[in-house]
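# Structure at a glance
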Amino acid sequence: MQHQPRKHRILPLLTLLIMLLPLSSMAADDSTLFTEGISILIKGNFKEKQLAIQQIAASGDSRARGLLQALLEGKLYRIKKDDTLVFAEITDSRAHIRSALGGENLGEIKKRKLKKITINNGLRTSLKSSLARIDLSSPDPAVRLQAVNLLIIGLSPKDSGLLTNLLETETDDSVREELLTAMNIAALRGDDHGAAVTALKQLHGNLSPAVRNEISSLLNKENLDESLQKEALLVQRSIQSKVSFFGLVEKLFFGLSLGSVLVLAAIGLAITFGVIGVINMAHGELIMLGAYTTYVIQQLMPNSIGLALFLSIPAAFLVSGLTGIIIERSVIRFLYGRPLETLLATFGISLILQQTVRSIFSPLNRSVATPAWMSGSIQINPILSLTTNRITILIFSLLVFAGLYLLLRRSSLGLQVRAVSQNRAMARAMGVQAARVDALTFGLGSGIAGIAGVALAQLTNVGPNLGQAYIIDSFMVVVFGGVGNLWGTLIGGLTLGVANKFIEPWAGAVLAKIIILVFIILFIQKRPQGLFPQKGRAAE
Amino acid sequence: MKSTLLAATLGCALAIGSVFTGHARAAETIKVGVLHSLSGTMAISETTLKDTMLMLITEQNKKGGLLGKQLEAVVIDPASDWPLFAEKARELIEKEKVAAVFGCWTSVSRKSVLPVFEELNSLLFYPVQYEGEESSKNVFYTGAAPNQQAIPAVDYLMNDMNVKRWVLAGTDYVYPRTTNKILEAYLKSKGVADADIMINYTPFGHSDWQSIVSDIKKFGSEGKKTAVVSTINGDANVPFYKELGNQGITADTIPVVAFSVGEEELSGIDTKPLVGHLAAWNYFMSVDNEVNDAFIENWQSFIKSEKRVTNDPMEAHYIGFSMWVKAVEKAGSTDSTAVQEAIIGVTVPNLSGGYSAMMPNHHITKPVLIGEIQEDGQFEVVWQTSGMVAGDAWSDFLEGSKDLISDWRSPLSCGNFNVKTGECSGSK
Amino acid sequence: MILLHLLNKDRGSSFTLGLLALVTVAVPACNLLLPESSVLHISTYTMTLLGKYLCYALLAVAVDLVWGYLGILSLGHGAFFALGGYAMGMYLMRQIGSRGVYGNPILPDFMVFLNWDQLPWFWHGFQWFWFAMLMVLLVPGLLALVFGWLAFRSRVTGVYLSIMTQALTYALLLAFFRNEMGFGGNNGLTDFKEILGFSLQSDSTRAMLFIASALALAFGYLSCLYISRSRLGRVCTAIRDQEDRTRFIGYRVEHVKLWIFTFSAMLAGVAGALYVPQVGIINPNEFSPLGSIEIVIWVAVGGRATLYGAVAGALMVNYSKSYLTAAMPDAWLFALGALFVLVTLLLPRGITGLLRRKELMSK
């Protein structure tokens, strides 16, 4: 199935290739183009390398693609001694090499005997476009789509024939759509009025940035035909309204994702602060411990980052949870009923934890890699794309919330926790071991903080100061949502996130944060118990 | 009551006692103050510089010390607390009687200690790139001034990469504000329109970059080649670059050139999505020459780790320390005034394969290098100035300072001489 | 007369104030009159350091008044301190005049290089010392009044109030970091030259500032002592121990809290104003929430609800901080952290509490 259309596509492809090539290199024979290109690549500076890449791409040599790809990925090296081009896989100080031209295996060599063939941004761009052109015949529609996108930039009315040819053989819908857009843009750049107006009609609501730029440059043209101008304005308006709608959707998403981070950071605190009334200033440091756990586990298994991330979740829960239990048993236990004093003691603990981490891991930030499935974004349309890591964290925070909620509502531990928090004496009278429950509750809250650390490690620095950045925000969320109410924390966190993102565009990031803080201060004066006040006895 | 008295007396005795212990052992060694934060928010950057100084001092002692005496490092932690910087500087100079101080990172810490150094006439070597607009008789600026970092970087983007639209993104404090002000004036003088410049400021440690990166993306999708000039500070960089990568902004679509991201910062970032983004410095670890190789080898064996990197501020301390040593030898004494006179014109090898000289305005000459981030966290130099660039204390692109010059040689001996009015205002 | 009455049977206070009087005379004298070679000479470094501690002690007394006697744990006193400091800093900035690096007679340097062409309205008036001193009292006082009025009226208490005060100082921290605010952004205000015409770099000015700090501390101490001994003070203690009961008896709890809170904020402002010329810089970091927590810790370490405890705590913690950052730079956070934990756990009444207990036992 794949073979059939591919054959047909070769002809227009070749025309395209020839058109895009510099004329000078056209004359030479294909094989000399390739070898010449190679020798420049080894010796030349960046400008010369640029030519070499074009030559190699134009040579049509079957090795060209692999070579350029390796160059782009930084795997192309030369042996310092005899300038042999090789593909190298580096492991520590040794390199496993393979001949770049012949393809045969050359065994292992010391890394220092190799020299990388370096590229810069300019080269990277031209490599990508060269590869894209070769890839117009690629079986992967995504690759073809990219190739067409690259085409649009240098399009002229003459290209419509070429585009029609490409269109005839194209089977993938999105590539076809892109080709049609390209044809319409080509028509706009031409002199034929009728064609231009038809093209404009077809471009209604088209979100591609190329179209937007084309239309605004069309409108900027002097002595533009009136009918054309009218139509262009219409199209522009239709695009504008769509753009502002998707802008709103984007903002909402940004807000929710910021909110989900706040919820994750605060929800552990909602338990330690809300349920057992401990002001845990070391909460941020428990988050930090979770982040460092992620780092350590990733160091232990550097080849499977994804799996390491999954393992980090229970591990971080255990590390932070156990630390929490130790803190509870050794310090907080003696301070129940004196919430302000827990604040002081846990502040001391937070200093100790910070310095411990600094002594063990050094004050430098640690790098935590993001697995491939969590990087990049999902393209909804040309102007709206949602980043994968944010979506993952949004879902993750909802899962953590749901899990915690079920644990507190449905399990016997949850029942005991609620009983102790509502009426300690009565719970003890009913046979609940209050001390044990306290320790477990504190451990649970701390463990959740650790889990938040796993998520934060994917977004921000893993360093000794990680926790301090979130402690105040977490308190704000809990107090705003209503102490002792998990739903309050969820709704509160998300609301603050969304509000922040809607204020940010006109006030700037700093002022937005200040406005939110002042709002919370005023809100608490109005409703001292937060969004969802706790009812009954426990309220006092 | 008795015990209260006893405790109080003990406390007083302790306090007074500790004040006097400093005086006893002088003379045998020359003391060098190291004033870098080892705790608090700045520890992340400054701890390395403390170690660098310890290494340089150890090496100098191996070579026989200075003026026949051994050097002794006095390390003090100002804990990223700015008033504490001033207090500790006074302690180093008055109590410990150090001959010179190597230290500070942030501008505010330098501003905080500046009056102390001027009052007590001591010497400070400041190793970090900064906003300029300052020249003190007692401070030697071995990091880059804006014309040694920002302007060449913009030139490179404009001429070699054909960038037409500019995003100036920075953390909201003095260094980015001033740098961006200078760059804005510079870009406009090159004919860039207002609509093609976007300026954005964020707070310290900003971690939610979604909206800003999305704005940059929109700004860059309007048909002209766009670049981001980043003066974003320290901790905010990791989430910024991560967001760039995730929103699909790569170095070939919208390159980011940073002035505060070096090898050390990169060692805390997953560099894969960053490959090709740029940084402008006066030194990169990847620079290939023998002096640098030896420096790296010394550093890694001193710190006992093959993984530790070197960076630009470390080189600045290296240069500053060599200059001070040479000036002290030239003057034959560690006396501040003598060293101030001797050091102007002193030339020492830098690590980028050339020679740096101390200028009369207390800034130094340096090459400017532009590097692209590689996958291994190193930079590949893609462009560099043909010669050395002399640091300019007062920018030619700012209204207030374009008429000012600084020359600490007599007879002028002034840090901010106004060539129009012919007056020397402020510090003399 | 009142003094004697106040100090009657209060050995802690008598001792503290006595020592303070001694130090006020002895330290400047040892600094100015004795030659440097003398064993008893006190260096300017030490004197400035002690002056700074005295400002901290005054701040601690202010916090102790609201926390120890009224039961309000304020995590925002750093903000009042910093506001007082900024008011003083603005006066000192205006005194620089045309001696700034750009030689502009009106605008401070940071405004010149941000291309501001005129002084923002809130900088007017600060060229007069009396106006600046008025602001040192009014600005923190007014903020405390408004915040307190809102908070106490709606009966925000305990932990919530603490967190709100923390939010307040955090919001101010962010605001003062902004360069657009016109307070110098992150760099703050620095490079001061003189106060009331006296050079800040001369030893005699430093000595005067030291004496002023000591007098301010004495005044603050005595007025807090007076309040705590008065009828008002007993109402305060009642509020601290049983707020609702006090309200039901018929006291206007809100009013008492509001006025004491405002008075304490003003004391903190004075401490800030004296602190700035001695350390030579005021910057937004003074608003940092962690800083405010540290102040509370001083009081806790010294022993709350005893004013001399607050003074002793401020001196001890800060002295050990100064000492440890020089002696064991890597370890001082461990030491500080452990101190906080141990004091809250083992010495709920602070170190002076320990001494008092011994005293009782020896009787």
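Now for a quick tour of the structure. All of these numbers come straight from a predicted model, not from anything done at the bench. (Residues numbered from 1 in each chain as written. Chains lettered and ligands numbered in written order. Predicted model: local features only at pLDDT ≥ 70, side-chain atom pairs only at ≥ 80, totals over all residues.)

All right, on to the overall build of chain B then. A tally of regular secondary structure across chain B gives 12 helices and 19 strands. For chain B, whose C-alpha radius of gyration is 23 Å, the value lies close to the compact-globule estimate of 22 Å for 428 residues. When the backbone C-alpha atoms are referred to their principal axes, chain B occupies close to 75 × 55 × 50 Å. Among the 428 residues that make up chain B, the fraction classed as buried is 60%. Excluding contacts between residues fewer than 6 apart, the proportion of contacts in chain B whose partners are at least 24 apart in sequence is 67%. (Helix = DSSP H or I, 4+ residues; strand = E, 2+ residues; numbered from the N terminus. Rg over C-alpha atoms; globule rule 2.2 N^0.38 Å. Buried ≥ 20, exposed ≤ 12 C-beta atoms within 10 Å, placed from the backbone. Contact = placed C-beta atoms within 7 Å.)

A few words now on the overall build of chain C. The secondary structure content of chain C amounts to 15 helices and four strands. On C-alpha atoms alone, chain C measures out to a radius of gyration of 21 Å, which is about the 21 Å that the 2.2 N^0.38 rule sets for 363 residues. Counting only C-alpha atoms, chain C reaches 65 × 55 × 50 Å along its principal axes. Taken across its 363 residues, chain C has 53% of its residues classed as buried.

It is worth spelling out helix α2 (residues 11-32) of chain C at this point. Residue and element names in this part refer to chain C. Between its first and last C-alpha atoms α2 spans 32 Å; for 22 residues at 1.5 Å apiece the expected length is 32 Å, and the two agree. At Val23, α2 shows its largest kink, close to 25°. Inspection of α2 places Gly12, Thr16, Leu17, Val27, Pro28 and Asn31 among the buried residues, and these make up the whole buried set. (Expected span 1.5 Å × (residues − 1). Bend = angle between axes of the 7 residues up to and from the residue.)

With that settled, the discussion passes to the environment of Asn206(A). All names here are of chain A. Inspection of the secondary structure puts Asn206 in the loop between α9 (193-202) and α10 (209-220). On the basis of neighbour counts, which here come to 22 C-beta atoms within 10 Å, the residue Asn206 falls in the buried class. A C-alpha to C-alpha distance of 8.3 Å links Asn206 and Thr181, two positions 25 residues apart in sequence. Not counting the four nearest positions on each side in its chain, Asn206 is found in contact with Thr181, Val211 and Ile239.

Moving on, we come to the sheet that holds strand β4 (residues 105-110) of chain A. Residue and element names in this part refer to chain A. Strand order across the open sheet formed by five strands is β4-β3-β2-β1-β5, with antiparallel pairing between neighbours. Looking at strand neighbours, the two that pair on one side only are β4 and β5 (114-116), the edges of this open sheet. Neighbour to neighbour, the strand axes of the sheet diverge by 40° on average, direction disregarded. In the sheet, strand β3 (residues 94-99) pairs with β4 via five bridges, with the strands oriented antiparallel. When the bridges of β4 are listed, His96 appears paired with Glu108. (Pairing = 2+ DSSP bridges. Axes fitted to C-alpha atoms, helices over the stretch in contact; angles between N-to-C directions.)

Here we come to the nonpolar core. Within the largest apolar cluster, 346 residues are counted, with the highest numbers of intra-cluster contacts made by Ala57(C), Leu58(C), Leu59(C), Ala60(C), Val61(C), Ala271(C) and Val296(C). Counting residues per element, this core draws most heavily on helix α3 (residues 44-68) of chain C, which supplies 18 residues. Beyond its immediate stretch of four places on either side in the chain, Ala271(C) contacts Cys55(C), Leu58(C), Leu59(C), Ala62(C), Phe81(C) and Gly84(C). Ile38(A), Ile53(A), Ala100(A) and Ile117(A) belong to the second largest nonpolar core, which has 27 residues in total. (Core = buried A, V, L, I, M, F, W, Y, C linked by C-beta atoms within 7 Å.)

This brings us to the interface of chain A and chain B. Across the contact, 41 residues belong to chain A and 40 residues belong to chain B. The set of elements that each furnish at least two residues to the side of chain A that touches chain B consists of α5 (121-134), α10, α11 (226-275), β7 (384-387), α15 (388-410), α20 (486-507) and α21 (509-526) of chain A. Here the side of chain A that touches chain B gets five residues from one element, more than from any other, and that element is α5(A). Tallied by class, the residues present in the side of chain A that touches chain B amount to 12 nonpolar, 22 polar and seven charged. (Nonpolar A, V, L, I, M, F, W, Y, C, P; charged D, E, K, R; others polar.)

All right, on to the pairing of strand β7 (residues 197-202) of chain B then. Residues and elements named next belong to chain B. Where strand β6 (residues 165-171) and β7 come together, six bridges link them in parallel fashion. Among the inter-strand pairings, Thr171 is bridged to a residue of β7, identified as Thr202. Considered for its hand, the β-α-β crossover made up of β6, helix α6 (residues 174-189) and β7 is right-handed. (Right-handed = clockwise from strand over helix to strand, strands pointing away.)

A word on the sheet that holds strand β18 (residues 414-418) of chain B. Residues and elements named next belong to chain B. If you trace the three strands from one edge of the open sheet to the other, you get β17-β18-β19, paired in antiparallel fashion. The sheet is open, and its two borders are formed by β17 (404-407) and β19 (423-424), each paired with just one other strand. Looking at chain direction, β17 and β18 are connected through three bridges and run antiparallel. Bridging across to β18, Ile405 finds its partner in Phe417.

Time to look at unusual backbone geometry. That bond from Ser410(B) to Pro411(B) is cis: its omega, 10°, falls within 30 degrees of zero. With respect to the helices, strands and loops of the structure, Pro411(B) is situated in the loop between β17 and β18. Look at Asp83(A): it is not a glycine, yet its phi comes out positive at around 60°. The class for Asp83(A) is exposed, based on 12 C-beta atoms found within 10 Å. One non-glycine residue, Arg155(C), adopts positive backbone phi at about 55°. Considering the arrangement of structural elements, one finds Arg155(C) in the loop between α6 (129-153) and α7 (158-177).

Residue and element names in this part refer to chain A. Between helix α16 (residues 412-422) and helix α18 (residues 434-457), the shortest axis-to-axis distance is 10 Å and the interhelical angle comes to 105°. When the axis of α16 is compared with that of α18, the two are roughly perpendicular. Contacts between α16 and α18 involve Leu413, Gln416, Val417 and Val420 from the first element and Ala434, Val437, Asp438, Leu440 and Thr441 from the second. The class makeup of the residues in the contact of α16 with α18 is six nonpolar, two polar and one charged. (Parallel < 35°, antiparallel > 145°, perpendicular 65-115°, else oblique.)

Turning our attention to the pairing of strand β3 (residues 100-103) of chain B. All names here are of chain B. Of the two faces of β3, the one lined by Ala100 and Phe102 and the one lined by Val101 and Gly103 are each fully buried. As defined by bridge partners, strand β1 (residues 29-35) adjoins β3 across four bridges and the pair is classed as parallel. What sits directly across from Leu35, in β3, is Gly103. In this sheet, strand β4 (residues 124-126) lies alongside β3 in parallel orientation, the contact comprising two bridges. By the bridge assignment for β4, Phe102 is matched with Phe125. As a crossover connection, the stretch from β3 through helix α4 (residues 107-120) into β4 is right-handed.

Moving on, we come to the environment of Gly530(A). Structurally, Gly530(A) is set in the segment after α21. Distance from Gly530(A) to Asn485(A), taken between C-alpha atoms, is 9.6 Å for residues 45 residues apart in sequence.

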